[in-house]
Amino acid sequence: MSALLRCFRQTLRGIFRQKETLTLLVGASVLYAFFYPTPYLNQVLRDLPVVVVDRDHTALSRQLSRWLDASEAARVSARSNNLPAAQDSVRAGVAGAVVLIPQDFERHVLRREPAYVEAYVDASYLLVYSTAMRAIQGVTGALAAGISVRRLQASALTTHAAVQQAHPVTFVAWPLFNPLAGYASYVVPAVFILILQQTLLIGIGALRVAERREESKHEPLWAQLGGKLGAMILIYAVHAVLMFGVVFSIYGFPMRAPWPDVFLFLVPYFAAVTLLGLAIAELFDRPETSTVALVATSLPAIFASGFSFPAEVQAGWVRAVAVVWPSTWGIRGFLQLAEMGARFDQTLRAWGVLWVQVAVYWSLAWLILRYRRRSLEL
Amino acid sequence: MSRLLRVMRRELQRLPRLPVLVALLGPIPLAGALLLTGVFHSEVARRLPIAILDFDGSQTARLAARWAGAARSVNIVARIQDLGRAEELLVQRKVYAVLVVPRHFERDLLHGRSPRVTLMYNEQYLTAGNLIVADVSHAVNAGAGAVAFGLQRSRGQTAAAAEAAAEPVRVDARLLFNPGVSYAVGVGLVLIVALVQIVAGISTIYVVGRELSDGTAGEWLEAAGGSAVVAWIGKLVPYVLWDLVLMLVLIGGFVAWFHMPVLGNLVVLTVGALAFSLASKALGVLFVVWLGERALGLGSITFGTATAFAGVTFPRIAMSPFAQVWSGFVPLTRFMLVLRDQVMVGAPLRISARPILVLAGTALIAGLLALPRMGRALRDPSLGGKE
């Protein structure tokens, strides 16, 4: 037991004594936590510029254009008669969409014929596309509903009955967990979990390089691994409080899990990452090598986790690769707990896989360190 | 000229002694790009699991489920009867959404009382959630529209009038530049280019940083015959060429794999790619000559987080003022504009000229800021950060 404590203290001393490890294991997470969310702080895309080409010039076409301007998602940035010029502004990325209200639009409505609005939407930016479509369809839908209700009233229905008949079924969209469709609430929790993994992997790489230079103490291997685990879990628990407590509340992101659950969930996550870090650290010969090798792995790791493009539709072999990354399960379970308000027992799958990873990476790290120690003794 | 070749040859000879650099230049981005290709291989999300919570159980309620099931992005994997089970499935992420068909759905529909069909969907998984809600609402409204059409017809209206009454104003949407709404185009591409930028920037910091920390800068300058200009050009040119090869393989490969038509001008694309490489390299040099070893940290933050600031997944106009300014300095932001214009849009040259000039300007300004230290870095061993 005292060997474990000695190794624990030794690891902490090692981290705080050197600039590189201190920067990587302590400083980096703090910096990223404040810096990374800055693009997304407004949460949603508002007032997307849309050009209206009105060839109808009637009260109804002007109403459509006014409502579009009044919608939260879009604003009418220009009105034009020239469709190609309007499309050019979409091409140049100045506007997100063009709405063309054709001639005889109102006349079609009055004649009870189907009336069409043409929308030219920039789909090269997916958020622009979905925002523009939502705004345009929302406004035309509202306009259509009003027209239907007035027609039904004209056939001697009460307003109430007319409203009901205009919509034979009322469709209610009820977003859960992130009701405002906030982009920060969607991206940041997942990315923070990834940042914790990446800084820990890189930091352990640097720490092991420094340790190998002065490795002399013959502590038992289990104590060395245990001491490292203890030190890393302690430091990273503090990071978790900083990220999901301090930074989340400063930036106003939701955090729905009780802290004991969060720690309970993150312990095997940090342990699996630490042990994986110890296993791969033997590849690195200098303090900066782990940064160079691992900085490019963040993007594949986070997108393979399926938090963005759904895991169900990714290639099967990607799923097989993603299984070995702690981040895949850490992100999945943490989103359940902290964002979707799951009970702890509902995250057992992710938590269980993390424990399996702990067992596998413990064995791997133990074998590698033992091999290294033997080769030193020879 | 021979001095320049000597520096370049020395650079190539150093490679076997820097295995992590070799890994960063080739295998790592290649593996990353392959993995991202696998992530986005289906391009659009289809058949995402959803459940139906049916409180009615009537024939018509099953019809409503069929409406939803007709939406291409969903696949009904469970039919359930209680709300607790729905919550369980959602929270455990076994389904992304639950469509609730209320009690008395059939009766209310036939009596024209507009029963309420609710789609509860997981918006924490925003991509899946948004796709499902757009698709299912469309499918349910279309199904309901058919019912309304039938009702109007039964009152003796003509087919055309009944159709117009059911949906008097419609949107005819034409999707520009990415007509299939492919996520490989909309998200995948920027990730591939971000990988290239990480390689371009970090490798520069590392190869220069190693000279400084190993104290081999003198040897480097000697190979250049004592000329700092030759030393720097000889050092960077092989890596700029490699960036171009990497872009051809990774970006070209990704574009070809997903059959994106290249609508623009290849010369403009090549010039843009060169400017992108130079800008990333110049930032790398700027960081390393001023910060020595610590440049790797700043480089990781700048190049590693560039995707978030690039304005592709989240538009720049919606960013916080700080992020807008910062993203302006990130080469990825500008090069993505060039790629969009010259691959997806087929925009005229003058539209791409601006981001290319900004990239060139970034390279120039970063280069000028680095200049006062670029000579000293070669001669003064104390700049290695080991003072």
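All values derive from a computational prediction rather than experimental measurement.

**Q** Please give an account of unusual backbone geometry that cites residues and values.
**A** Phi at A:Arg112 is positive, roughly 60°, even though this residue is not glycine. Even without being glycine, B:Ser114 reaches a positive phi, approximately 50°. Residue position: B:Ser114 is located in the loop between helix 6 (105–110) and strand 4 (116–122). The exposure class of B:Ser114 is buried, given its relative accessible area of 12%.

**Q** How would you explain the packing of helix 9 (residues 221–251) of chain A against helix 10 (residues 259–280) of chain A if you had to name every residue and give the values?
**A** For any two helices packed against each other, the geometry comes down to the angle between their axes and how far apart the axes lie. All names here are of chain A. Across the interface, helix 9 lies against helix 10 with an axial gap of 8 Å and an inter-helix angle of 130°. Classed by the angle they form, the pair helix 9 and helix 10 counts as oblique. Here helix 9 and helix 10 pass one another in a crossing that is right-handed. Judged by residue contacts, Leu225, Lys228, Leu229, Met232, Ile233, Tyr236, Ala237, Ala240, Val241, Phe244 and Gly245 of helix 9 engage Trp259, Phe263, Leu266, Val267, Phe270, Ala271, Thr274, Leu275 and Leu278 from helix 10. In the contact of helix 9 with helix 10, the residues fall into 17 nonpolar, two polar and one charged.

**Q** So what's going on with the interface of chain A and chain B? Residues and values would help.
**A** Size of an interface, as often reported, equals the accessible area lost when the parts are brought together. Taken together, the contact pairs 102 residues of chain A with 108 residues of chain B. A salt bridge links B:Asp214 to A:Arg286; its shortest N-O distance comes to 3.4 Å. Linking chain A with chain B are 40 residue pairs in polar contact (both at pLDDT 80 or more), by the criterion used here. In terms of residues, the side of chain A that touches chain B owes the most to one element, helix 6 (residues 126–154) of chain A, which gives 14 residues. Where strand 4 (residues 115–122) of chain A meets strand 5 (residues 169–176) of chain B, eight bridges bridge the pair, whose relative direction is parallel. The residue bridging A:Tyr116 from the neighbouring strand is B:Arg170, located in strand 5 of chain B.

**Q** Can you break down the nonpolar core residue by residue, with the values?
**A** A:Phe244, B:Phe40, B:Val136, B:Trp232 and B:Phe335 are the most contacted members of the largest nonpolar core, which totals 279 residues. In terms of residues, this core owes the most to one element, helix 9 (residues 183–214) of chain B, which gives 20 residues. Those residues in contact with A:Phe244, other than ones at most four positions away along the chain, are A:Pro189, A:Phe192, A:Ile193, A:Leu196, A:Met255, A:Trp259, A:Leu266 and A:Phe334.

**Q** An account of the environment of B:Leu357 is requested, with residue identities and associated values reported.
**A** Here B:Leu357 lies in helix 17 (residues 349–379). For the pair B:Leu357 and B:Leu83, spaced 274 residues apart in the sequence, the C-alpha separation amounts to 58 Å.

**Q** How would you summarise the pairing of strand 3 (residues 97–101) of chain A if you had to cite specific residues and measurements?
**A** Remark: a regular strand shows side chains that alternate across the two faces of the sheet. All names here are of chain A. Taking burial as the measure, the five residues of strand 3 include five buried ones, the bulk of the element. Alternating positions in strand 3 separate into two faces, Ala97, Val99 and Ile101 on one and Val98 and Leu100 on the other, with burial throughout. Examined bridge by bridge, strand 1 (residues 48–54) and strand 3 share five bridges and lie parallel to one another. Within strand 3, the residue paired with Val53 across the bridge is Leu100. One ladder, built from four bridges, connects strand 3 with strand 4; its direction is antiparallel. By the bridge assignment for strand 4, Val99 is matched with Ala119.

**Q** Break down the confidence of the model for chain B for me, citing the residues and quoting the values.
**A** Residue and element names in this part refer to chain B. The share of residues in chain B with pLDDT of 70 or more is 95%, and the mean pLDDT across the chain is 91. Within chain B, no element has a lower average pLDDT than helix 8 (residues 159–166), which sits at 62, and none a higher one than helix 3 (residues 27–39), at 97. Scored as a complex, the prediction yields pTM 0.94 and ipTM 0.94.

**Q** Can you explain the packing of aromatic side chains? Please cite residues and give values.
**A** This model, assessed by the stated rule, comprises 31 aromatic pairs over all chains. With centroids separated by 5.1 Å and ring planes inclined at 80°, the aromatic side chains of A:Phe344 and A:Trp351 adopt a geometry described as edge-to-face. Comparing A:Phe344 with A:Trp351 shows no difference in burial state: the two are buried. Among the aromatic residues, those joined into a cluster by ring pairs are A:Tyr36, A:Tyr40, A:Tyr183, A:Tyr186, A:Phe303, A:Phe307, A:Phe309, B:Phe40, B:Tyr183 and B:Phe314. Sitting above the plane of the B:Trp220 ring, B:Lys235 keeps its charged end 4.6 Å from the centroid.

**Q** Give a description of the side chain of B:Ser203 that names residues and reports values.
**A** Checked against the element boundaries, B:Ser203 lands in helix 9. With residues near it in sequence (within four places) discarded, B:Ser203 still touches B:Leu21, B:Leu24, B:Leu25, B:Ile198 and B:Lys281.

**Q** Talk me through the pattern of salt bridges; I want residue IDs and the actual numbers.
**A** All chains considered together, the criterion is met by 28 salt bridges over all chains. Between B:Glu211 and B:Arg10 there is a salt bridge, with the nearest N and O atoms lying 2.9 Å from each other. Placement of B:Glu211 in helix 9 and of B:Arg10 in helix 1 (residues 2–14) is noted, with a sequence separation of 201 residues between them. Beyond isolated ion pairs, a larger network of salt bridges with shared partners links A:Arg208, A:Glu211, A:Arg212, A:Lys228, A:Glu282 and A:Arg372.

**Q** Could you give an account of the environment of B:Phe309, with specific residues and numbers?
**A** With respect to the element layout, B:Phe309 can be found in helix 14 (residues 306–309). Sequence separation between B:Phe309 and B:Leu99 is 210 residues, and the spatial gap between their C-alpha atoms is 36 Å. If sequence neighbours within four positions are ignored, B:Phe309 has contacts with A:Phe35, A:Thr38, A:Pro39, B:Arg316, B:Met319, B:Ala323, B:Trp326, B:Ser327 and B:Thr333.

**Q** Go over a nonpolar patch on the surface, please, and point to the residues and values.
**A** All names here are of chain B. On the surface, a nonpolar cluster with roughly 460 Å² of combined accessible area is contributed by Leu30, Trp242, Val245, Leu248 and Val249. When residues in the nonpolar patch are grouped by element, the largest group, four residues, is from helix 11 (residues 228–257). Looking at the element boundaries, Val249 is found in helix 11. Judged by relative accessible area, which is 47%, Val249 ranks as partly exposed.

**Q** Report on helix 7 (residues 159–166) of chain A, specifying residues and quantitative values.
**A** Restricting attention to buried positions, one finds in helix 7 of chain A the residues A:Ala162, A:Gln164 and A:Ala166. Tucked inside the fold, the buried residues of helix 7 of chain A contact helix 6 of chain A.

**Q** Go over the packing of helix 2 (residues 19–35) of chain A against helix 9 of chain A with me, naming the residues and quoting the values.
**A** Residue and element names in this part refer to chain A. Relative to each other, helix 2 and helix 9 sit at 15°, their axes nearing to 10 Å. On the basis of their axis angle, the class for helix 2 and helix 9 is roughly parallel. Both helix 2 and helix 9 take part in a crossing whose hand is right-handed. When helix 2 is examined against helix 9, the residues Leu24, Leu25, Val26, Ser29, Val30, Ala33 and Phe34 are found in contact with a partner set consisting of Met232, Ile235, Tyr236, His239, Leu242, Met243, Val247, Ile250 and Tyr251. Each residue belonging to the contact of helix 2 with helix 9 can be placed in one class, and the counts come to 14 nonpolar, two polar and no charged.

**Q** For the side chain of B:Ser137, give the residues involved together with the corresponding values.
**A** All names here are of chain B. Considering the arrangement of structural elements, one finds Ser137 in helix 7 (residues 126–154). Ser137 gets classed as buried once you look at its relative accessible area, which sits at 19%. A polar contact of 3.3 Å, which involves the side chain of Ser137, links it to the backbone oxygen of Ala134.

**Q** How would you summarise the sheet that holds strand 4 of chain A if you had to cite specific residues and measurements?
**A** Pairing in this open sheet of five strands is mixed, and the strands run 2(A)-1(A)-3(A)-4(A)-5(B) from one edge to the other. Here the strands that pair on one side only, and so sit at the sheet edges, are strand 2 (74–80) of chain A together with strand 5 of chain B. Direction aside, the axes of adjacent strands within the sheet are offset by 25° on average. The strands touched by helix 4 (residues 83–91) of chain A within the sheet are strand 1, strand 3 and strand 4 of chain A together with strand 5 of chain B, with strand 3 of chain A carrying the most contacts at an inclination of about 160°.

The rules behind the values
- Residues numbered from 1 in each chain as written.
- Chains lettered and ligands numbered in written order.
- Predicted model: local features only at pLDDT ≥ 70, side-chain atom pairs only at ≥ 80, totals over all residues.
- Heavy atoms only, no water.
- Helix = DSSP H or I, 4+ residues; strand = E, 2+ residues; numbered from the N terminus.
- Buried < 20%, exposed > 50% of the residue type's maximum accessible area, 1.4 Å probe, protein only.
- Axes fitted to C-alpha atoms, helices over the stretch in contact; angles between N-to-C directions.
- Parallel < 35°, antiparallel > 145°, perpendicular 65-115°, else oblique.
- Left-handed = near helix turned anticlockwise from the far one by under 90°.
- Contact = heavy atoms within 4.5 Å.
- Nonpolar A, V, L, I, M, F, W, Y, C, P; charged D, E, K, R; others polar.
- Salt bridge = Lys/Arg side-chain N within 4 Å of Asp/Glu carboxyl O.
- Polar contact = N/O pair within 3.5 Å; in protein donor to acceptor, adjacent residues only side chain to side chain.
- Pairing = 2+ DSSP bridges.
- Core = buried A, V, L, I, M, F, W, Y, C linked by side-chain atoms within 4.5 Å.
- pLDDT = per-residue confidence, 0-100.
- Phe/Tyr/Trp six-rings, centres within 6.5 Å; stacked < 30°, edge-to-face > 60°.
- Lys NZ or Arg CZ within 6 Å of the ring centre and 35° of its normal.
- Patch = residues over 30% accessible without salt bridge, like charges linked within 9 Å, V, L, I, M, F, W, Y side chains within 5 Å.
- Areas by Shrake-Rupley, 256 points an atom, 1.4 Å probe, with all protein chains shown as cover.

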